[in-house]
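Summary of the model geometry
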Amino acid sequence: MRLIRRGDDHAWAQPRLSHYVEGELGWRARRRLELHAEECPDCSRGIRALRALLRLLHQSAIESETRAPAGIFDRVRRDTSGDPRDRDREEEAT
Amino acid sequence: MLRTSFAIERRESDLVVAARGGDVGAFEDLIGPHADRLYSVVLVLLRDSGEAEDVLQETLLRAWRGIGRFRGRAMIFTWLYRIAVNESNRALERRSRRASAGPVDDAVAGVAAPAHHGPARRAEQHALQQALGDAIAGLAPQYRAALVLRDVEGLSTREAAQITGVGEAAFKSRLHHARQKVRAVLGDAALLSAAS
C-alpha cells in the first residue's frame, strides 16, 4: 500500500518519536514516521538522541548499583515485640 | 527451570506464611534478596543517601506491618516496589514542602546543560551523568517514577504500571512525557556526543 506524505508530517511525528523508539507504533504509523525522518534532520536527530538517552539511562543503572546499608531491618526488629495482629490493625488504621 | 521457579515460589509462600505469624527472620529472608535493588531505586528517585536509607527502612516497616494483607497475587518485588515508590513520593512531597517550592516540574527549565568542553571524554561523560541525574530530579514525582522504573530499572511497562498504580496507557503517557522533558534538558547535541 502506498503511503501518502503529508505536509503536517513533522508536527505529527515529533510527539511520536519516543513511541517509535519504544516500538509502539503500528506498521502504517511507523512507516510514515520513517519516511518523514529520512528527509527531516530534526526528527532523525531526535530519534538518535532518544536512543542515546535510553542507553545513558541504562548505563546509569549499572553505575548506580549499590548495596543497601546495614541495619535496614532495625525498625522492623524494634516493631516485633508486639502481637502481629496488632501491627496489622495499626497498619489498617494508617 | 520450571522446577527452580516452583521451588522459589514455594519458598516465598512459606516465608510469607511464617512472616505473617510474626517470624521476623522469615521476613528478612523474604525481603533481603530485594533490598539492594530497592535501595538503588529509592536512591535514584531521591538522590540523597540518608533520605534513601530512611525511606527504605520505612518501606520495610510498612511491608512488615502489611504482610498480612499480601495475598501473593502480585510478585513480592512488585509489591515492595509499590510501597517504596509511594514512600519516595511522600519524601519528595515533604522535601517540596520544606523548600516551599512550586511544582517540582518547573525546576526542569533551570537545570544546567552538560559541559561539552572538558579536556577528557571521561569528564564529559561524568558531567552528562550528573546532568542526567539533575534532569531526573527535576521531574515531577509521577514522571520520575515512570522513567526510573522503566528506563533505569528495565521493568516491563506492565510491571511498572502496576507499581505506580495506573493503567498501561497512562503509564506510557507519563514515560514519553518524562523522556521528552529529560531530552529537552540535556539537549540532543550532548546526547549524540555521548553516543558517538
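Residues numbered from 1 in each chain as written. Chains lettered and ligands numbered in written order. Predicted model: local features only at pLDDT ≥ 70, side-chain atom pairs only at ≥ 80, totals over all residues.

Considering the environment of B:Val55
Residues and elements named next belong to chain B. Checked against the element boundaries, valine 55 lands in helix H3 (residues 49-66). For valine 55, a count of 27 C-beta atoms within 10 Å gives the class buried. Placed 33 residues apart in sequence, valine 55 and serine 88 show a C-alpha to C-alpha distance of 6.4 Å. Excluding residues that lie within four positions of it along the chain, valine 55 makes contacts with Val42, Leu46, Glu87, Ser88 and Ala91. (Helix = DSSP H or I, 4+ residues; strand = E, 2+ residues; numbered from the N terminus. Buried ≥ 20, exposed ≤ 12 C-beta atoms within 10 Å, placed from the backbone. Contact = placed C-beta atoms within 7 Å.)

What to know about the nonpolar core
Residues and elements named next belong to chain B. If you look at the biggest cluster of nonpolar residues, it comprises 70 residues, and the most contacted ones within it are Val42, Leu56, Leu60, Ala146, Leu147 and Val148. Per-element accounting of this core gives the leading share, 11 residues, to helix H2 (residues 24-46). Among residues more than four places away in sequence, those in contact with alanine 146 are Ala160, Thr164, Phe171, Arg174, Leu175 and Ala178. (Core = buried A, V, L, I, M, F, W, Y, C linked by C-beta atoms within 7 Å.)

Overview of the interface of chain B and chain A
Contact with chain B, which involves 38 residues of that partner, is made by 35 residues of chain A. Secondary structure elements with two or more residues in the side of chain B that touches chain A: H2, H3, helix H5 (121-137), helix H6 (141-152), helix H8 (168-186) and helix H9 (188-195) of chain B. When its residues are assigned to classes, the side of chain B that touches chain A shows 18 nonpolar, 10 polar and 10 charged. (Nonpolar A, V, L, I, M, F, W, Y, C, P; charged D, E, K, R; others polar.)

Description of H6(B)
Residues and elements named next belong to chain B. The buried fraction of H6 is high, at 11 of 12 residues. Taken together, the buried positions of H6 are occupied by Pro141, Tyr143, Arg144, Ala145, Ala146, Leu147, Val148, Leu149, Arg150, Asp151 and Val152. Downstream of H6 by one or two residues, glycine 154 has phi in the positive range, about 75°.

A short note on the confidence of the model for chain B
Here chain B shows a mean pLDDT of 83. Residues at 70 or above account for 83%. Interface confidence for the predicted complex, expressed as ipTM, amounts to 0.76; the pTM equals 0.77. (pLDDT = per-residue confidence, 0-100.)

Side note on the packing of H2(B) against H3(B)
Residues and elements named next belong to chain B. Put simply, H2 and H3 touch, their axes get as near as 9 Å, and they point 145° apart. For H2 against H3, the interelement crossing comes out right-handed. Note on element contacts: H3 touches H2 through Ser49, Glu51, Ala52, Val55, Leu56, Thr59, Leu60, Ala63 and Trp64, opposite Phe27, Ile31, Leu38, Tyr39, Val42, Leu43 and Leu46. A class-by-class count of the residues in the contact of H2 with H3 yields 13 nonpolar, two polar and one charged. (Axes fitted to C-alpha atoms, helices over the stretch in contact; angles between N-to-C directions. Left-handed = near helix turned anticlockwise from the far one by under 90°.)

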